[in-house]
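As a plain string of letters, each chain reads:
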Amino acid sequence: MSAKFLEGFGNKLAEQWIANLFAPAFVFWISGILAYIYRYGWQSIAQWFPDAKFEPLQVGILAIVLIIVLISAFVVQRFDTEVLRGLEGYWYPGIRDLGRPILDRMTQSQIKRRKNLLNRWKKLHEKYKQHQLSALDRAEYVRLDRAFRQFPNLDDDFMPTRLGNILRAAERRPYDRYGLDAIICWSRLWLLMPDSARKELQDARTELNNGVRIWSWSILFLVWTIWTWWAIPCAIASAFFAYCWILDSATVYGDLIESVFDLYRVSLYQSLRFPLPNNPAEEKEIGLKVTEYLFRGLQKDFIQFTTPPNGEKK
């Protein structure tokens, strides 16, 4: 290909190319080409670029490849939320029904894991009260404290996966502490947060989505096993790395969600004209009323809405 084409191509797409060169979509397709070359040899690719006189054909091929990469990246990105929910343990109807025994066993395994951690924590806590913890015991005591934050308090709230429990625990803590349902209150609280808090949350969610996207591409990478065996270990290693990334990002994201309720819930009370609580017990009572109000409105309005004109209950 001519130097003029390369220069024009570079001038127009240099910034986008640098930004996306190491993106999962590019790595996926480049690896696919390498797998194809591994199976059929370099000549199977080189035949498309015999000499400069076929430059329009070469440009067309490169344009098609670039379009495929960009479209595939967009399509995979659109499924970030669905993949994340699947990794949490929210399976779709039909699949969920078929996999119910597996999900139940996974959930019970998570509950059992928390109980084992709790038993170990109790033993260390007794040593802590007696000032008998060694350096290794203190490190384990701190680790167990952090581990408990990744589980809901109630067995009924447990999810089948570790990721699901990390995010479920973050959703439940505002309710357990303040009576505020995170899902119901979140959209209102988001509008009251300062820009700096929103940016921190957006950055944390972006990190979480990036990990999910890499995990998705890692699973898709298995398709190259049709041409080479090394796609399997590469896909497994990449998926494992991505899942560890997801767990770390989810922990940070969950901590930020909890922090938002800790710091800005008063703004929610004030904006809704609810009285400010005087103590923790009163705060949870008010928080429950706020949740009920945001979910159903005033009680009398809810009763009127759910009661037919003839006064009979539905």
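Just above, that's the structure.
Residues numbered from 1 in each chain as written. Predicted model: local features only at pLDDT ≥ 70, side-chain atom pairs only at ≥ 80, totals over all residues. Heavy atoms only, no water.

J.: Can you help me understand the overall build of the protein in this one?
T.: Each helix and strand counted, the protein has 14 helices and 0 strands in total. Along the protein, helices and strands appear, N-terminal first, in the series α-α-α-α-α-α-α-α-α-α-α-α-α-α. The proportion of buried residues among the 314 residues of the protein is 32%. Counted over contacts in the protein with a minimum sequence separation of 6, partners at least 24 positions apart contribute 67%. Here the protein has roughly 20,100 Å² of accessible surface; of this, 62% comes from carbon and sulfur atoms. (Helix = DSSP H or I, 4+ residues; strand = E, 2+ residues; numbered from the N terminus. Buried < 20%, exposed > 50% of the residue type's maximum accessible area, 1.4 Å probe, protein only. Contact = heavy atoms within 4.5 Å. Areas by Shrake-Rupley, 256 points an atom, 1.4 Å probe, with all protein chains shown as cover.)

J.: Could you clarify how one ought to interpret the nonpolar core in this entry?
T.: The nonpolar side chains of soluble globular proteins are, as a tendency, buried together. L163, L180, Y253, F261, Y269 and V290 are the most contacted members of the largest nonpolar core, which totals 30 residues. Elements with a minimum of two residues in this core: helix 5 (80-88), helix 9 (162-178), helix 10 (182-192), helix 11 (195-220), helix 12 (231-271) and helix 13 (280-296). Top contributing element to this core by residue count: helix 12, with 9 residues. Filtering out sequence-adjacent residues up to four positions away, L163 remains in contact with L84, L87, E88, Y243, I246, L247 and A250. One finds A35, W217, W224 and A235 within the second-largest nonpolar core, a separate group that totals 12 residues. (Core = buried A, V, L, I, M, F, W, Y, C linked by side-chain atoms within 4.5 Å.)

J.: It is not clear to me how the layout of surface pockets should be interpreted in this structure. Could you clarify?
T.: Sizing a probe to match a water molecule and rolling it over the atoms shows the empty space that remains. Of the volumes computed, that of the second largest pocket is approximately 420 Å³. Lining the second largest pocket are 14 residues, and of these E88, E171, R205, Y253 and I257 lie nearest its centre. Listed by contribution, the elements that provide at least two residues to the lining of the second largest pocket are helix 5, helix 9, helix 10, helix 11 and helix 12. No other element matches the 4 residues that helix 5 contributes to the lining of the second largest pocket. By residue class, the composition of the lining of the second largest pocket is 9 nonpolar, 1 polar and 4 charged. (1 Å grid on protein atoms, 1.4 Å probe; cavity = no way out; pocket = protein on both sides within 12 Å on 5 of 7 lines; lining within 4 Å. Points joined across faces, edges and corners; volume = space filled by probe spheres on them. Nonpolar A, V, L, I, M, F, W, Y, C, P; charged D, E, K, R; others polar.)

J.: Could you clarify how one ought to interpret the packing of helix 9 against helix 12 in this entry?
T.: Describing two packed helices takes the angle between their axes plus the distance from one axis to the other. It is the contact of helix 9 with helix 12, at a shortest axis distance of 9 Å, that shows an interaxial angle of 15 degrees. By the angle between their directions, the pair helix 9 and helix 12 is classed as roughly parallel. Along this stretch, helix 9 crosses helix 12, giving a crossing that reads as right-handed. (Axes fitted to C-alpha atoms, helices over the stretch in contact; angles between N-to-C directions. Parallel < 35°, antiparallel > 145°, perpendicular 65-115°, else oblique. Left-handed = near helix turned anticlockwise from the far one by under 90°.)

J.: What is the right way to look at the side chain of R168 in this model?
T.: Counting through the fold element by element, R168 comes out in helix 9. A polar contact is formed between the side chain of R168 and the side chain of Y90, at a distance of 2.9 Å. Look past the residues within four positions of R168 in its chain and what remains in contact with it is Y90, P152, D157 and M159. (Polar contact = N/O pair within 3.5 Å; in protein donor to acceptor, adjacent residues only side chain to side chain.)

J.: Hey, could you run me through a nonpolar patch on the surface in this one?
T.: On the surface, I67, I71, F74, V75 and F79 cluster together to form a nonpolar patch covering roughly 490 Å² of accessible area. Turning to its location among the elements, I67 is positioned in helix 4 (residues 55-78). A residue is classified by how much of its surface remains accessible, and I67, at 49% relative accessible area, is partly exposed. (Patch = residues over 30% accessible without salt bridge, like charges linked within 9 Å, V, L, I, M, F, W, Y side chains within 5 Å. Salt bridge = Lys/Arg side-chain N within 4 Å of Asp/Glu carboxyl O.)

J.: How should I be thinking about the packing of aromatic side chains in this particular structure?
T.: The way to describe two aromatic rings as a pair is by their centre distance and the angle between their planes. Within the structure shown, the criterion is met by 17 aromatic pairs. Considering the side-chain rings of Y36 and Y40, the 4.9 Å spacing of their centres and the 45 degrees angle between planes classify their relative orientation as tilted. In this pair, Y36 and Y40 are both assigned in helix 2 (residues 24-40), 4 residues apart and thus about one turn of the helix distant. The class of Y40 is partly exposed, set by a relative accessible area of 47%. (Phe/Tyr/Trp six-rings, centres within 6.5 Å; stacked < 30°, edge-to-face > 60°.)

J.: Any chance you could explain the packing of helix 2 against helix 11 here in plain terms?
T.: Running from N to C, helix 2 and helix 11 point in directions that differ by 15 degrees, and their axes come no closer than 10 Å. In terms of orientation, helix 2 and helix 11 fall into the roughly parallel class. The way helix 2 lies across helix 11 gives a crossing that is right-handed. For the pair formed by helix 2 and helix 11, the contact residues are P24, A25, F28 and W29 on the first element and I214, W217 and L220 on the second. For the contact of helix 2 with helix 11, the residue count by class is 7 nonpolar, no polar and no charged.

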